[in-house]
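# Observations on the model geometry
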2 protein chains.
Amino acid sequence: MSVQVTGISGIPLIQKGDDLPAIICRNTTFEDEDILCIASTIVSKAKGYTRALADITPSPDALRISGLTKEDPRFIQAILDSSTEIIQEYPFILSEVPCGHVGVRAGVDNSNIEGENIIILPKDPSAECREIRDSIKKITGKNVGVIVTDTCGRAFRRGQCGNAIGWAGMTAIRDFRGDHDLFGLELEITEEAVVDEIAAFSNFIMGESNNGIPAVKFSGCGTWKGHDSLYFTKEEDLIRKAMKR
Amino acid sequence: MSVQVTGISGIPLIQKGDDLPAIICRNTTFEDEDILCIASTIVSKAKGYTRALADITPSPDALRISGLTKEDPRFIQAILDSSTEIIQEYPFILSEVPCGHVGVRAGVDNSNIEGENIIILPKDPSAECREIRDSIKKITGKNVGVIVTDTCGRAFRRGQCGNAIGWAGMTAIRDFRGDHDLFGLELEITEEAVVDEIAAFSNFIMGESNNGIPAVKFSGCGTWKGHDSLYFTKEEDLIRKAMKR
């Protein structure tokens, strides 16, 4: 298997109302089964999922946490507003967001945006992926898989990696259960989180800071079978249980 | 940036004593700055980092944990022998291994090996990478980065992804601290775990079970600056602290 991975250059600074699929299609070509990874930042900016700090009034909880983290209480309030469950408050807020993703500061971001504004994650990133996939189909006639990515820290390991927070046109997990190993032993527990593996490498191509490559195309990944249960339920999640204890 | 990612086919079942770099170089060509990802399984098999279950006598601790996990007590003993710190015993052993990696069952593997034998992780995977890198340089004259990968579960998210457990010819982390975002704001905390992002996608190309593609070549990744502190110290590691509490 050989896969070509290409950073899509030429994408301008995205503004609210911009037609992201049209802009991307002007800067690359697609074939059926290509996979497009898009940084959540530009999805949120195109859709206007941003907030002005001046419009936010911090709650007593936000003021209390802000005393611990030394961050702007309005920024903390935006994180609380974006979260469905707070797992840890300090030294940084770790929380679950509506789609099931668990991330630092609920993915609320004050970088790569003008002035005293913040970017918040799309509430339903997979719905955004389906919409982008449908638009690309209309523009190009091609069936393209779409992944929305965000960067996250990890347990036990320093540094951020790209994660998938939404996807369309593929399953999140490639499921090998029932397959056999090289010696015929049946594999019982092998579920591979392929959307995260693809998102991770797309983040390598995007880079960070001022690179300005918020979209990456994968050609040649093929297809797979599996399921979409990417997130542990609270009952299954041993690490969440330990942190809430 | 455009990167070509190629699964290296034609690698036979690896036996103890096999010259892995020579076998890989017979099945692909390299250019300077290419990155080669190799599954830890074949590094361990080539070097004889395997054990026969029949040779292992379980300790009282292994017998006690085996009563909880319902796994072979000799298999549990091999995990304990491979671990420097046990973080969790049940429902599966989660532990640190000598190189600093934290993984399920210390990476001890009873799949893809003949008979009642198990594969254990290399004790110093980065030393294995340096050796492979040096051998490839001797054979081809090319400077190739090398990553040894293993598959691991994650916090909060279902499914395994490829992780880097050793590397040579690059730094583990690409360090953007001091860089500026698109609007000139200085980035304070962006350290990107690029070896894990590359290892993750190599695992997608390798597949699991019976694919038989244990090595993947990346061409066009370029170079970066950073550091090698991929693992949190115990003091920094909030999740480990919560699990040990």
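Residues numbered from 1 in each chain as written. Chains lettered and ligands numbered in written order. Predicted model: local features only at pLDDT ≥ 70, side-chain atom pairs only at ≥ 80, totals over all residues. Heavy atoms only, no water.

With an unreviewed UniProt entry as reference, chain A is termed Coenzyme F420-0 gamma-glutamyl ligase, source organism Methanocorpusculum labreanum.

### Observations concerning the sheet that holds strand S11 (residues 191–192) of chain B
Where strands meet in a sheet, backbone hydrogen bonds hold them as pairs that are either parallel or antiparallel. Residues and elements named next belong to chain B. What counts, and what does not: Following DSSP output, two strands are said to pair if at least two bridges run between them. Helix numbers and strand numbers start at the N terminus; a helix is a DSSP run of H or I with at least 4 residues, a strand a run of E with at least 2.
Strand order in the open sheet formed by three strands is S11-S10-S13, with antiparallel pairing between adjacent strands. Of all strands in the sheet, those bounded by a partner on one side alone are S11 and strand S13 (226–227). Bridge analysis of strand S10 (residues 173–175) against S13 gives two bridges, and the strand direction is antiparallel. Looking at the pairing, Ile173 lines up with His227 of S13.

### Quick look at the relation of the copies chain A and chain B
Threshold: A least-squares fit on C-alpha atoms brings the copies together, and the residues used are those whose pLDDT is at least 70 in both copies.
Once chain A has been moved 0.0 Å along the axis and rotated by 180°, it coincides with chain B to within an RMSD of 0.0 Å. Considering both components of the superposition, the chain copies are consistent with a two-fold axis. Across chain A, the smallest distance between a C-alpha and the rotation axis is recorded for A:Gln4, namely 2.4 Å.

### Some points on helix H5 (residues 125–140) of chain B
All names here are of chain B. Quick note on the threshold: One less than the number of residues in a helix, times 1.5 Å, gives the span that helix is expected to have. Residue burial is assigned from relative accessible area. The probe radius is 1.4 Å, only protein chains are included, and a residue is buried under 20% of its type maximum, exposed over 50%, and partly exposed in between. Arc definition: directions from the helix axis to the C-beta atoms. Residue contacts are defined here by distance: any two heavy atoms, one from each residue, within 4.5 Å place the two residues in contact.
An ideal rise of 1.5 Å per residue puts 22 Å on 16 residues; H5 measures up with 22 Å between its terminal C-alpha atoms. Of all the positions in H5, only Pro125, Ser126, Glu128, Cys129, Ile132 and Ile136 are classed as buried. The buried residues of H5 occupy an angular sector of 150° when projected down its axis, which confines them to one face. Where H5 is buried, its residues contact helix H1 (20–27), strand S2 (35–39), helix H2 (40–47), strand S8 (145–152) and strand S9 (161–168). Gly141, located one to two residues past H5, shows a positive phi value of around 80°.

### Some remarks on the pairing of strand S4 (residues 85–88) of chain B
Residues and elements named next belong to chain B. Two strands pair when backbone bridges link them, and S4 and strand S5 (residues 94–96) are joined in this way by three bridges, in the antiparallel orientation. Note that in S5 the partner of Glu85 across the bridge is Glu96. Counting the residues between successive antiparallel strands, the hairpin from S4 to S5 contains five residues.

### Some words on the sheet that holds strand S4 (residues 85–88) of chain A
All names here are of chain A. Basically, it comes down to this: Orientation is described by axes fitted as lines to C-alpha atoms, over the contacting stretch for helices, and by angles from 0 to 180 degrees between their N-to-C directions.
Spatially, three strands are ordered S4-S5-S6 in an open sheet, and the strand pairing comes out antiparallel. If you trace the sheet from one side to the other, it starts and ends with S4 and strand S6 (102–104), each paired once. Geometrically, the sheet is characterised by an average inter-axis angle of 30° between neighbouring strands, direction not taken into account. Both strand S5 (residues 94–96) and S6 contribute to a ladder of three bridges, which runs antiparallel. Pairing of Glu96 across the sheet is with Val102, part of S6.

### Concerning the interface of chain A and chain B
Just so we agree on the cut-off: Summed over both partners, the accessible area (1.4 Å probe) lost when two parts come together is defined as the buried area. Salt-bridge detection follows one rule: a side-chain nitrogen of Lys or Arg within 4 Å of a carboxyl oxygen of Asp or Glu. Think of a polar contact as two N or O atoms within 3.5 Å of one another; within protein, one of them needs to be a possible hydrogen donor and the other a possible acceptor, and neighboring residues in sequence only count if both atoms come from side chains. When residues are sorted by character, Ala, Val, Leu, Ile, Met, Phe, Trp, Tyr, Cys and Pro go into the nonpolar class, Asp, Glu, Lys and Arg into the charged class, and all the rest, Gly among them, into the polar class.
Taken together, the 79 residues of chain A in the interface contact 79 residues of chain B. Counting each side, the surface lost to burial between chain A and chain B is near 6700 Å², with a carbon and sulfur contribution of 59%. Where chain A packs against chain B, one counts six salt bridges. In this structure, B:Arg157 engages A:Asp196 in a salt bridge whose closest nitrogen and oxygen atoms are separated by 2.7 Å. Our count for the chain A to chain B interface comes out at 42 residue pairs in polar contact (both at pLDDT 80 or more). Of all the secondary-structure elements, those providing two or more residues to the side of chain A that touches chain B are strand S1 (2–7), S4, strand S9 (161–168), strand S10 (173–175), strand S11 (191–192), helix H6 (194–206) and helix H7 (238–244) of chain A. Residues of the side of chain A that touches chain B, tallied by class, amount to 39 nonpolar, 22 polar and 18 charged. Summarising the sheet, S1(A) and strand S1 (residues 2–7) of chain B pair through five bridges and their orientation is antiparallel. Directly across from A:Val3, in S1(B), lies its bridge partner B:Val5.

### Focus on the environment of B:Val97
Residues and elements named next belong to chain B. Within the element layout of this structure, Val97 appears in the loop between S5 and strand S6 (102–104). Given a relative accessible area of 5%, Val97 falls into the buried group. Placed 139 residues apart in sequence, Val97 and Glu236 show a C-alpha to C-alpha distance of 17 Å. Sequence-distant contacts of Val97, that is, excluding residues within four places in its chain, are made with Ser82, Thr84, Ala106 and Leu121.

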